[in-house]
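# Fold and geometry: a report
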Amino acid sequence: MAGFALGVEQEEWCGQLRALAERRLRPLAEKGEPGRVNRPLLAELGELGLLERVFGSGALELCLLRESLAYGCTEAETALALQGLGGHPVLRAGTAAQRERWLPGVRAGRLVAAFALSEPGAGSDAAALALAAAPDGAGWRLEGAKCWISNAPEADFYTVFARTGEAPGAKGITAFLVPADRPGLTGEALDMLSPHPIGSLSFDGVPVGREDVLGGPGQGFRVAMETLNLFRPSVGAFAVGMARAALDATLAHTAGRTAFGGVLADLQAVAHRVAEMATRTEAARLLVYAAAGAYDSGSPDVPRRAAMAKLLATETAQYVVDHAVQLHGAVALRRGHLLEHLYREVRAPRIYEGASEVQRGIIAKELYRGVAAR
Ligand SMILES: Cc1cc2nc3c(=O)[nH]c(=O)nc-3n(C[C@H](O)[C@H](O)[C@H](O)COP(=O)(O)OP(=O)(O)OC[C@H]3O[C@@H](n4cnc5c(N)ncnc54)[C@H](O)[C@@H]3O)c2cc1C
């Protein structure tokens, strides 16, 4: 990326991804069952080499991938992102044996990954998690619950964050790679507004050993935060992809829908609303690319930029999708309409991977840290 524009090759790649999403992935997504893992869709993402890019690329490439897939097929976008979220701790903190056992299957879309941090009693305050890892011989036994875990209970393995208690708070957490077939691990699907699969997990004395640890004992919170730092701007990219899809649908609709002796776009109130939607979407897009670029260049202001990008993009997408529905009228609310689908999709990203209020907290903390340093 030079200055504020994507290069020709990047633009071409995004165009190809949008076409793939539309022609190859959307038909598979439509055959899937709502709220269930769509294995044929994942296998196609593997076949197309797109899952490989999640693990081999930088933050900007991940953002372009997520934005472009989201434009044409949110189910494919989310399936891809979840493989990344569940697989990245293994890539970054796993042993050679763990990586060899699990990552080829994740990259091929054969094995389903999940990232299990949140609990019924610990969401935004993840460092307060309570899932207990009690010492048992050379290993531990996991006891407790996880909640709102995407891909649960159908995933093939979970990156699980549990309290081993080396120190209070964040320093007493360890990450484990837990295969789904471990004795004592059960789960239930949750019926949510968001269309993708989500469930809860129950751990009833699940045995884990030293060979299951990701990173080291007491380093689990760092493993979780490293993963979330990479993925935060890309949640913004997902939102930008949805906003762009809603905006384009609105342009087409308002340019063609006749009313009051003209088309809707002739009404100044409509045209100005569309202008506002486009301007906000463009601002969000640039902020996302800037945050991803900062991550890729190892800039020290990544936490502030990533939080700003996620905050602005997810709030903007909500604004744009809501107004897109408004400017379409009743047709947008019919089951199966693109905007009915986006209206359900767009809500959750303002809550997960750090709610908007949490992002504002991070931005303010970083700003005042700057004041204190001066
Ligand atoms: C669709 C979806 C998918 C998810 N997938 C996963 C997953 O794969 N893995 C996983 O581990 N988790 C997942 N989650 C859980 C998600 O990470 C949590 O919902 C999130 O961290 C918020 O936690 P909570 O829902 O318990 O809300 P709470 O922490 O109870 O917060 C509720 C509200 O309080 C306010 N608030 C909270 N903290 C602050 C603060 N510091 N300052 C100001 N206001 C604040 C915010 O408005 C927030 O929305 C998913 C959630 C959803 C909705």
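Residues numbered from 1 in each chain as written. Predicted model: local features only at pLDDT ≥ 70, side-chain atom pairs only at ≥ 80, totals over all residues. Heavy atoms only, no water.

### Re the packing of helix α9 (residues 302-328) against helix α10 (residues 338-345)
Where α9 contacts α10, the two axes come as close as 9 Å, and the packing angle between them is 150 degrees. With respect to their mutual orientation, α9 and α10 come out roughly antiparallel. The element α9 and its partner α10 pack so that their crossing is left-handed. Taking contact as the criterion, the partners of Val321, Asp322, Ala324, Val325 and His328 in α9 are, on α10, Leu339, Leu342 and Tyr343. For the contact of α9 with α10, the residue count by class is six nonpolar, one polar and one charged. (Axes fitted to C-alpha atoms, helices over the stretch in contact; angles between N-to-C directions. Helix = DSSP H or I, 4+ residues; strand = E, 2+ residues; numbered from the N terminus. Parallel < 35°, antiparallel > 145°, perpendicular 65-115°, else oblique. Left-handed = near helix turned anticlockwise from the far one by under 90°. Contact = heavy atoms within 4.5 Å. Nonpolar A, V, L, I, M, F, W, Y, C, P; charged D, E, K, R; others polar.)

### Points about the site of the ligand
Among the 18 residues in the neighbourhood of the ligand, the closest are listed as Phe115, Ser118, Ser124, Trp148 and Ser150. Contact distances for the ligand include 2.7 Å between a nitrogen atom and a backbone N or O atom of Phe115. One of the backbone nitrogen or oxygen atoms of Trp148 is found 3.0 Å away from a nitrogen atom of the ligand. With the chains in place, 65% of the 970 Å² that the ligand exposes on its own is no longer accessible. Here the shell around the ligand is built from residues that sort into ten nonpolar, six polar and two charged. Shared between two domains, the shell around the ligand takes at least three residues from each, and those domains are domain 2 (113-217) and domain 3 (222-373). (Near = heavy atom within 4 Å. Polar contact = N/O pair within 3.5 Å; in protein donor to acceptor, adjacent residues only side chain to side chain. Areas by Shrake-Rupley, 256 points an atom, 1.4 Å probe, with all protein chains shown as cover. Domains from an automatic or database assignment.)

### Some thoughts on the UniProt feature "domain: Acyl-CoA dehydrogenase/oxidase N-terminal" (unreviewed entry) in the protein
The UniProt record marks residues 9-109 with the feature "domain: Acyl-CoA dehydrogenase/oxidase N-terminal" (unreviewed entry), using the residue numbering of this structure. Along residues 9-109 one finds 85% helix and 0% strand; the C-alpha atoms at either end are 26 Å apart. (UniProt positions renumbered as here; feature names shortened; annotations may be inferred.)

### Here's the deal with the UniProt feature "domain: Acyl-CoA dehydrogenase/oxidase C-terminal" (unreviewed entry) in the protein
Residues annotated in UniProt with the feature "domain: Acyl-CoA dehydrogenase/oxidase C-terminal" (unreviewed entry) correspond here to residues 218-367. Along residues 218-367 one finds 75% helix and 3% strand; the C-alpha atoms at either end are 29 Å apart.

### Thoughts on the side chain of Ser200
In this fold, Ser200 is placed in strand β7 (residues 198-208). Here Ser200 falls in the buried class, since its relative accessible area comes to 18%. Setting aside its immediate chain neighbours within four residues, Ser200 contacts Lys146, Cys147, Thr186, Gly187, Glu188 and Leu190. (Buried < 20%, exposed > 50% of the residue type's maximum accessible area, 1.4 Å probe, protein only.)

### Concerning the pairing of strand β4 (residues 157-163)
Of all the seven residues making up β4, six are buried; the element is thus mostly covered by neighbouring parts of the structure. As defined by bridge partners, strand β1 (residues 113-116) adjoins β4 across four bridges and the pair is classed as parallel. Bridge pairing links Ala113 to Phe157 in β4. Alignment of β4 against strand β5 (residues 173-179), held across seven bridges, turns out to be antiparallel. If you follow Thr159 over to β5, its bridge partner there is Leu177. (Pairing = 2+ DSSP bridges.)

### With respect to the packing of aromatic side chains
For the coordinates displayed, the defined rule picks out three aromatic pairs. Ring centres of Trp102 and Phe157 lie 4.9 Å apart, and the angle between their planes is 45 degrees; this geometry places the pair in the tilted category. Of the two residues, Trp102 is situated in helix α6 (residues 96-108) and Phe157 in strand β4; the sequence distance between them amounts to 55 residues. By relative accessible area, Phe157 is classed as buried at 0%. A centroid spacing of 5.2 Å and a plane angle of 65 degrees characterise the contact between Trp140 and Phe176, whose relative ring orientation is edge-to-face. (Phe/Tyr/Trp six-rings, centres within 6.5 Å; stacked < 30°, edge-to-face > 60°.)

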